[in-house]
Amino acid sequence: MRRSASPQSLLIYGLSVPIIALNVWLLSVLFRYFQHPITVLSIAAILAFLLNYPVKFLEKARITRTQAVIIVLIITLALLGILCVTLVPMVIDQTIQLLNKIPDWLASSQDNLGKLQVVARQRRINIDFSLVTSQINANIQNLVQQIASSAVGFAGTLLSGLLNLVLVVVLAFYMLLYGDRVWYGLINLLPSNIGIPFNKSLQLNFQNFFLSQLLLGLFMVLVLTPIFLFLRVPFALLFAIVIGLSELIPFVGATLGISLVTILVLLQNWWLAFPVATVAIVLQQIKDNLLAPKLLGNFIGLNPIWIFVSILMGFEIAGLLGTLVAVPIAGTIKGTFDAIKSSKHNDYVSDFIVTYESKSGENDQ
């Protein structure tokens, strides 16, 4: 029996690899073709997932869902308006100043490398930094050209971003109102032993994951900003926000953000880069070992290797958006298969039916 089953298993595994590769390639092609609508719908769906928490909280206070959605939307727009008036102009100003100063920082780092090479020659140490300095010169020229071209299209990019933001808010509003009907209609197309655990796993992974990542990123921004200001780090607010936003990319995002900030500070001040990196790494360890386990828990349950693989595949398929949703999608797939294997569908059936009927009843009112 084992000899006859072995060729079959090898055939299955051999065919699954090219099929998976073909599907990944097909998804990447489809995403590039429909990139804009997929991106807008995905961001709106994530926003609707997050805003559903306060909506449910208001519903417990005997407020209808429509009224709760309107209240939450008004509060969200007010907070976005406050951020656009206070924080966003500061970040844009610091970003422009940083882009203007990076060529000077690269030039000063080139001078420092030249001085270091002179000292090395005096001490008869055979070190040649000519390749590094030539690479820095090329980077300076490319960076200046990119800054000039970006400045020309900045107004158009800003206008397009504002229009996309309005579109995302409007779509999130309608998803909060009518998304349940559409979603449960799609779930009902699947067999009950697949659709019900898939629905539970997706809600658990997406809602908890993005809410936890946003809270962890906010923690890094709020703590790093005063510390960077105390250390007199240039562009302290911008660097803290960069590290905080990098938290949205799991597993490797914080490391990439801290490395980027450290390199930028290193170009300007070698001695300041060490305390900046030290403080950021210490806070990252506190976040990963104390805060993250309490917020995230083990609801994803993925091996770190599979997390890294899912991030790489998500980036290959959909770029930055793919890296943001890769881990919760992988967690959803794993949770669905685990629920199917455990054969505990009765619990899902009862919860699903009650939830669906309660939503339809509220909408009818």
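Scroll up to find the structure this text is about.
Described in the following lines is the structure provided in the data block. Model, not experiment: these values are computed from the prediction. (Residues numbered from 1 in each chain as written. Predicted model: local features only at pLDDT ≥ 70, side-chain atom pairs only at ≥ 80, totals over all residues. Heavy atoms only, no water.)

## Things to note about the environment of Leu 291
- Relative to the helices and strands, Leu 291 resides in helix 9 (residues 270-296).
- For Leu 291, a relative accessible area of 29% corresponds to the partly exposed category.
- With 79 residues separating them along the chain, Leu 291 and Ser 212 place their C-alpha atoms 9.5 Å apart.
- When near neighbours in sequence (up to four residues on either side) are disregarded, Leu 291 contacts Leu 216, Phe 219 and Ile 286. (Helix = DSSP H or I, 4+ residues; strand = E, 2+ residues; numbered from the N terminus. Buried < 20%, exposed > 50% of the residue type's maximum accessible area, 1.4 Å probe, protein only. Contact = heavy atoms within 4.5 Å.)

## Some points on the pattern of salt bridges
- A complete count under the given rule lists two salt bridges for this structure.
- Of the charged contacts, one joins Lys 287 and Glu 247 as a salt bridge, the two residues approaching to 3.0 Å between their closest N and O atoms. One end of the pair, Lys 287, is in helix 9; the other, Glu 247, is in the loop between helix 7 (236-246) and helix 8 (253-268), with 40 residues separating them in the sequence.
- The exposure class of Lys 287 is buried, given its relative accessible area of 3%. (Salt bridge = Lys/Arg side-chain N within 4 Å of Asp/Glu carboxyl O.)

## Some thoughts on a nonpolar patch on the surface
- A contiguous nonpolar surface patch, about 900 Å² in accessible area, is contributed by Leu 22, Trp 25, Leu 26, Leu 27, Val 29, Leu 30, Tyr 33, Phe 34 and Ile 38.
- With seven residues, the top contributor of residues to the nonpolar patch is helix 1 (residues 2-33).
- Looking at where Val 29 falls in the secondary structure, it is placed in helix 1.
- For Val 29, a relative accessible area of 35% puts it in the partly exposed group. (Patch = residues over 30% accessible without salt bridge, like charges linked within 9 Å, V, L, I, M, F, W, Y side chains within 5 Å. Areas by Shrake-Rupley, 256 points an atom, 1.4 Å probe, with all protein chains shown as cover.)

## Thoughts on the nonpolar core
- Counting 28 residues, the largest nonpolar core has Leu 98, Phe 228, Phe 239, Ile 243 and Val 265 as its most contacted members.
- Examining the composition of this core, we find that seven residues originate from one element, helix 7, more than from any other.
- Residues within four places of Val 265 in sequence aside, it is in contact with Val 233, Phe 239, Leu 272, Ala 273 and Val 276.
- Among the nonpolar cores identified, the runner-up in size contains 15 residues, and Phe 209, Phe 210, Ile 307 and Ile 317 belong to it. (Core = buried A, V, L, I, M, F, W, Y, C linked by side-chain atoms within 4.5 Å.)

## Examining the environment of Trp 25
- By the secondary structure assignment, Trp 25 is in helix 1.
- Since its relative accessible area comes to 52%, Trp 25 is described here as exposed.
- Residues Trp 25 and Glu 316, spaced 291 residues apart in sequence, show a C-alpha to C-alpha distance of 8.8 Å.

## A closer look at the packing of aromatic side chains
- With the rule as written, the count across this model stands at six aromatic pairs.
- Each ring, one from Phe 173 and one from Tyr 174, has its centre 5.4 Å from the other, and the planes form 75°; the classification is edge-to-face.
- On the basis of relative accessible area, Tyr 174 is assigned to the partly exposed category, the value being 45%.
- With centroids separated by 6.3 Å and ring planes inclined at 20°, the aromatic side chains of Tyr 174 and Tyr 178 adopt a geometry described as stacked. Separated by four residues within a single helix, Tyr 174 and Tyr 178 lie in helix 5 (residues 154-187), roughly one turn from each other.
- In this structure an aromatic cluster arises from ring pairing among Phe 173, Tyr 174 and Tyr 178. (Phe/Tyr/Trp six-rings, centres within 6.5 Å; stacked < 30°, edge-to-face > 60°.)

It is worth stressing that arrangement in space is one thing and function is another; only the former is reported here.
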